Every structure is written in C-alpha cells, then in structure tokens.
Amino acid sequence: MKLIFDKSVPGRRAVRTTDAALGDAIPIDRKMLRDTPAELPELSELDVVRHFTELSGKNYGVDSGFYPLGSCTMKYNPKVADLISQLPGFADLHPLIPQLPGGEVMVQGALAVLSETGRLLSEICGMAEFTMQPLAGAHGELTGAMIIAAYHKHKGNEKTTILIPDSAHGTNPASAAIAGYDVKTVPSNADGVIDVNALRSMVDDSVAGVMLTCPNTLGLFNHHIKNIADLVHSVDGLMYYDGANLNALLGHCRPGEIGFDIVHVNLHKTFATPHGGGGPGAGPVGVVERLTEFLPTSVVCAHDDGSYYLDYDRPKSIGYVAPFYGNFAIVLRAYAYMLMLGAEGLLRVSENAVLNANYVMAKLKGHYDLPIDAACMHECVFSASRQAADGVRAINIAKALIDRGFHPMTVYFPLTVPEAMMIEPTETESKETLDAFIDAMIEIAELTKTDPDQLLACPVTTPVGQLDETLAARKPNVASLGQSENGDD
Amino acid sequence: MPFIANTDAQRQEMLAAVGAESVEDLFANIPPELRCKGLDIPPGLTEQEVRNQLAGLAEHNSSGLISFLGGGFYDHFIPAALNTIVSRSEFYTAYTPYQPEISQGTLQAIYEYQSAICRLTGMEAANASLYDGGTAVYEAIMMSLRVTGRRKVLVDDSVSPIYRKMVRSYTSNLGIDLMETQSREGLPDRKAIADQIDDDTAAVIVQNPNFFGCIDDVTDLAEMVHARGGLLIVSCYPISLGLLKTPGEMNADIVVGEGQSLGMSVSFGGPYLGFMATRRKYLRKMPGRIVGLTVDAQGREGFVLTLQAREQHIRREKATSNICTNQGLCALTSLVYMSLLGKQGLAELSGICAHKADYARDLLLKIPGVTIRFPGRWYFNEFVLNLPMAADKVIRGLFNRGLAAGFPLGRYFPEMNNCLLVAVTEKRTKEEIDFLAHSLEVML
C-alpha cells in the first residue's frame, strides 16, 4: 500500500495554472503568509489518474455487482441524471444570484426544479409542502426535530421527550438529542413492531413526538399505525416519519394519510441518486399544512404569473439549516428520476422491490432463522444464530459473500435481532442476480456444517483480509502529516 | 418499466416461489383504508424527453455572467482529469465503507483526504467530511462545548452572516449563550472580545480571510482564548491556504471551512464539502466519520472507519453528532483537486488569485467616488468597496452588461448599503477585470 504522498517527486507538476503575469511579489504582508507550502503531492496528471484508478479497483459499487445492504436501498443510479446535473446552466449557477437585486429572474429554471421536486414529493408522501434544504437523511431528522420544537414553542406546550422504538436507526435518537430532547426507547413486541401497550404507557403530556420508520427496520408494516398516530396526537405530539424505507410504499401508501405529520426522504435511497461512497445525499423534509410556517428559510414560492421567488420573510421559521437551497445537484438528479418513472413507474418500483425481498426470504428461510416469519416489504431480516452455534457468525457470512463476488447485506442491525442479517435487494435487480446470491447464501449455510474453518478465513480474494479494528481505535493513525510531523503516537 | 429488469414471466415464477397469487397480496398488511387511492403525477418520460425538458430549464438560468461573486463560494477552474476520476462508478456508486475489505479504495482516499486537509491547515487530525462550511462551524461549536464543559460561545460578526444564521437556528433550543462580537475596521476587535470572554467561554469563532475579505493573524486571539481555558475555532477558505499563514501556525484548536473551492462547481448551493481538523488531543471529541490505518492478520496495512464509539450507530442519543451520510464523494473530489494542483500548483494558484484581486482593486479604486471600505488591511482575493450610490443599484445596472459585479453587503449589514463585496478568482481575465472597471466607471 502506497499513499499518494509516497509517490511524490519534488518538482513534478500536473495541472499548470494560467497567466501568472500580473505581478511577481505577493501583494500581502510576509507576516500573513505561511512559512512553507502545504506538503501536497508533486505528481504528473498521469500519476494522479493512475493512483485513483488503482484505488477504484479496490472498491465495489452498485455498478460492480449486487449490493443488498439493508436499509440503504442500493438501487441502480440512472446515468442520465448525472449528465443533467452537469449542464452548465445548473452547475455554474452561483447560489447568491437570487439574493442580488434583480437576480431572481436569472435562476427561474433552478427554482422550478426545487418547486416541482417539492410538489412531486408532497404528492408521493401526502404532505402539504417540502423543503429541499436538508443535506442528508440525518440532517432531515434534525430539521424535523427542530420543526417539532418550533411547533410546541408556538403552542406554548412544555414538551421534553421524543419516543423512538428500539429497532430505529441510530440517527433517530442522535438527531432528537442534539435538537435538545430527552429520548426514551419504546420496546418492540413479539411481532417485531412497536409495542402499542408499552407506547400507551409512555405517552404523556411531556411527549413532543414519536419518530418511526415505516415499514420498520425489520421490513414490517405496522397495521396499528393509525392507532399509534391517534394516541400521539391525543397529547398534541407530532408523528415523524423516517423515510429510509419509503421505497416499500411508493404509490401504495402515503405517510400523510396514515397519521404522520413530518417526513424526510433520502433521495440517495428511494430516488436513485448515487451514494458516492458515503455521500453526498439529500434529505428533503415534508410537513402537513399546520406545520408549513415552521419550515426552514428560504422557501420557494410562485407569483401569480407563475414565476418563482424565494421568500425570506418567515417569522415562525426555524431559520437556515443549509447555506442555500440544499444539495441542489442531488435534488436535480432525483427530479429527473421521478420524471422518468411517472405515477405508474413509482408503483412498479415498490412492487418489484417488495417482490424481490419476499423472493429472497422465501428461498432462504429453510437455511437461516427468520425471527419474524411473516411477509416482509422491501427488505427481509434473517438471524445467523443457527450458524453462530457452529462458530460462524453473521460477520463471517458477510465476508464469505465478498469472496463470492457480492457486497454483503447489513449485519448486526437492527439491534433487536441477534446476529442480524438485513437484506434489501431493491427493484432494479433481476431474478438471475437474486438466484446467484441465494445459491451463494445456501452454499455458505451448508459450509457452516461441513467446513466452517473455510468460512472463518474469508475474505481471501481482497487486497487485505479482516483488519484489526481494535488496534485502529487504540492507537489511532488518522493522517500522514509529512516531513515535519509524524502521525503516529 | 424503466430500470426494472424482471419480466412478467419471471415475476410469476417468483410469486409462485413466495406463495402469493399477485404482487397485491404482498401489500395485504397495509389495511385497505390506509392505501393510497392514486398519485396525481404525470406519466413517465423517456430519457430523451427528460434530457430535453431539463436542458430547457437549465437555459432559463443565467449561468454565463462574468462573475465577481464570492462570499464564501468561489468559481475556480476545474481540471478535466478530476471528473474522469470522480465519475468512476466504483467510487461513485458505493455506499459508506462498512465492509473495509472491499472498500479500500474509498477508505484510502479518505485517509489521504484527511492527511491533505491537515497539511493544508497545519493541523494534526481531520474527519472524513461534514455537510458544508456552515454545519462545520456548528459542529465545531458543539465540539468545543464537549471539550470544555462550558456553555458560552463568541462568534465574531466578520464570520459569514449565512453561517451565523445557521448556527443560530441550530442552537436556539440548546440553552447555549451564543454572543456576537462586533468587528472593528474589518477585523475582529480584540478589545470587544477581551471584554466579553470569561471563564465560561467555550470558544471564540473567527474566519480568515473573513467575510469582508480581510486577512488577519489571530495568534494573539488564540493566546487570549487559551488564557481563559477556551478554544479558538477558525473557519477558512482552503485556496487561500496555498499562501496564507495556517490556522495551525496561529495555534487554532479547531479548523473548519467550506471545501467547495477545491474542485466543486458552485451548483446553486450544493453539494459542497464541510471540512474539520483539530489537534490530536481532541481527536476523540470530533464528530463524523474518521478513517484510520491498521493491519490485517498477515500484517498488511489497510484502512477502516475508526473511533466509531463516538458515532450515532453505536452511541445513539449519546453520540457526538447525528451525522451518518456525509459528503464522501466531495472529499474525494477535493483530494483529487489538491493532488492535481500539487504543492507548487496550489501556492501558485493562490498567488494568481491574490495578484488578480490586487490588480482589480487598484483599477476600481481609480474610479472617482470609489474607495476601499477598510483601508490599511491586507486582502487575499476579495475586498469591500464603498460606492457613491447604493450597491443594489450598481448591481442591477451591471447585470445589463452581463456582469455579476459582487455582493451588496447591505443585505446582511444594514449600515453598509453602499458597500460592494468583490471577489476575483484565476478564472477572471485581465480583459474581464478591465471591463468591470470600465462599466462601473461609466455607470457612476
């Protein structure tokens, strides 16, 4: 393994900067300048291209193969959306232009994208209005929690607590906490969904809201959802919908019609924008009518003549959550995707996502334990408890899948299932791909009985084997600092 | 249907395997009264139709202006090799690197990014990215509260007004004593800060170059803050660090900033890149993902996400931050950009920006009635002019000549209605700068 800094050759250059001819001496006091240049690598353009091409060979994306990472909705990302995002009319548009006097007329196309995307998402989610500002799913959750706080402040409610089920994503409690709320955890029942009786005992006047994922992280739709919403609303609490699993419901069920007041959607999941190895994503937030006045500033509005403007005069707004209008180029991609699907396409997305997940579940349930043996929605959750008894844990199954050419499923989540293996195939995968994955999973299940040691040695096809995470955390080396300093302790 | 592979025949086979008669059966768990009655969304379009429609919308935007707009978001030249590398789908279509053995590409790139950010800022540890420069300032404030156990924060008003608004939104329910100090003649006022700082001050936040484009040496401020047991947070513009004294050299404790200028287009507001770096001693207090170097059983070096005990998926409501998805691909973009520019290239680029701004400033100040707002200060590539009339009016007038002349400071500073913030990057040619000066002179 060689770092890009290790390949540096003093004096070598890649990109040449243009016309330095305006003057020689730097027009800034010497005292304000750094002592030595930043120790960035010195390479040719070809050196740089080869370095990163080599690194890309040590990676795996949806375009490489099957990526059933549960809760992450790793569907195919249509290429035309990327092309559109690079059109100069969008890519070169400075975000401050609409803040200039007379600037709004110069950004009408971009404002139309924001407004229309909001309209489509509102229709899909049964909400009154959306903001595109939140920059990721968790950022949407924080925005939602801030809207909950603004609502209660406006009503004069003294609320301190947000309730979150034990099966929730970790971002839910973290987001509620940094918005200033106490978090209480609601247990799940034997059916894998939130325990309504437990919830009833926890709902009191201190409850500001409940954050739920629906279907939940076990891929289960809670048919008591309306009762839960009524219960929460009875103390003037708000229902927050974590849209991580919206891919299961598109066109079949709208969060706003089953009792939810606030929704975030992950455009990098349901709406097919690329995940980029960990981002950027986008987490637009939608609200019902009575909460629209609390949405972040600015808000895209339309004049009577149909032209758009940005409204900054929002006295009850929670304020700015992003510098401008969100991760615009991501919103744009999602808009292109929705335009291509149309109403019919959206329905087919969720139907095929749900069918693919149920197919994988049906084919594997003879081989792995199924904690909740019921029809799932867009993802299914197995437990490797049976295999763990033979010494092969979920993590080993994951690594064995890598050697068989697949990206592993999510493991050890949700926390409510021991040795959890959460599989989300998505609608874009073919039956042939699913069958190949199923065969690999069955072969691994057989090997746990006949040759577990072979599985414990996985992966063997990758540039490195299982890495020592304890060492990484105990003696952290998080940067190579160059000649002057050393990154090691 | 677009992007769905299975045929009707395959769906029938799969339904048989599942034991369902129709796909509809699989939605039986949703009670009928909770089902959607239909979406009011038009039929789907073909790829060609969508491309044409959106190209039409793109043309409704005026992206062809000769722009002197900055304000924290800058139009720098982007080398072609950058897009080629970043578009590689092994990077582009991967998720967060939860499985390190097949994510060494992303992980090594992030480690190198963290290293490059440290080298650029003069710090010792960086995280894998935050959403943008504004959320990075907010995260730095939250981190300073964790480090010091205190509740009071001073933000100078020479920090971007957009970021100050964001910080105010985020902290309004948290019982934090967030105070603004008033800058003096374009720089943080040492006396005002000394008067307001006390033993409950967790951090002082400044920006360099600041929102007015003025450069400062804040070594003395670091000393003042440290003497009271607080931290100095510096927000900075990474291109300027090709030349300027680093926050590390000035003894800052947390360095943040907007990384957009490192190879990302302005894209009407995002995606951008929040970066954060700090001292090693505060590593475990940092928010966000961090990549570390380690070894496998055979002693081969490799990279993993590390110190995850700080994060939401482990610590839930006790995590240092709620961040999960970050700006991974933007971090990669900035690393590729810094690699293509290189050690000499970034220093040179930084110098060109400073020179061009210097040339523009000299020329504009020759126009009768135009003066510099903060005389005696040093500037990098942005500066504030006093105009003999409202900046709004000037901007409107110059739009007609195809110029975005700058940002009118009156929008955020009511007493500065006649002030124009002008930014110059290497993309602006001498002819364009001359045209701006000529057009402004004609107008005044």
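In this text the structure is predicted, and so the values were computed from the model without any measurement. (Residues numbered from 1 in each chain as written. Chains lettered and ligands numbered in written order. Predicted model: local features only at pLDDT ≥ 70, side-chain atom pairs only at ≥ 80, totals over all residues.)

Novice: Could you give an account of the interface of chain A and chain B, naming the residues involved and the relevant values?
Specialist: For interface size, the figure often reported is the accessible area lost on association. Taken together, the contact pairs 173 residues of chain A with 170 residues of chain B. With 21 residues, the top contributor of residues to the side of chain A that touches chain B is helix α9 (residues 328-364) of chain A. Here the residues of the side of chain A that touches chain B sort into 100 nonpolar, 47 polar and 26 charged. (Contact = placed C-beta atoms within 7 Å. Helix = DSSP H or I, 4+ residues; strand = E, 2+ residues; numbered from the N terminus. Nonpolar A, V, L, I, M, F, W, Y, C, P; charged D, E, K, R; others polar.)

Novice: Account for the sheet that holds strand β2 (residues 161-165) of chain A, naming residues and giving values.
Specialist: All names here are of chain A. If you trace the seven strands from one edge of the open sheet to the other, you get β1-β7-β6-β5-β4-β2-β3, paired in mixed fashion. With partners counted over all chains shown, the strands left at the sheet margins are β1 (129-131) and β3 (182-186), one partner each. Strand-to-strand twist across the sheet, computed as the mean angle between neighbouring axes with direction ignored, equals 25°. By the bridge criterion, five bridges tie strand β4 (residues 207-213) to strand β5 (residues 238-243) in an arrangement that is parallel. Its bridge partner lying in β5, Val210 is registered against Met239. (Pairing = 2+ DSSP bridges. Axes fitted to C-alpha atoms, helices over the stretch in contact; angles between N-to-C directions.)

Novice: Talk me through the sheet that holds strand β12 (residues 420-423) of chain A; I want residue IDs and the actual numbers.
Specialist: Read from one edge to the other, the open sheet built from three strands follows the order β10-β12-β11 (chain A), with strand pairing classed as antiparallel. The two strands at the open ends of the sheet, each matched to only one other strand, are β10 (380-383) and β11 (410-411) of chain A.

Novice: Run through the domain arrangement of chain B, naming residues and quoting values.
Specialist: All names here are of chain B. According to the domain assignment, chain B contains domain 1 (66-76 + 343-443) and domain 2 (80-336). Centre-to-centre separation of domain 1 and domain 2, based on C-alpha positions: 28 Å. Contacts between the two partners involve 22 residues from domain 1 and, on the opposite side, 20 residues from domain 2. For the side of domain 1 that touches domain 2, the secondary structure elements donating two or more residues are α11 (328-364), β13 (378-379) and β14 (382-386). A total of seven residues in the side of domain 1 that touches domain 2 trace back to one element, the largest contributor, which is α11. When its residues are assigned to classes, the side of domain 1 that touches domain 2 shows 15 nonpolar, four polar and three charged. (Domains from an automatic or database assignment.)

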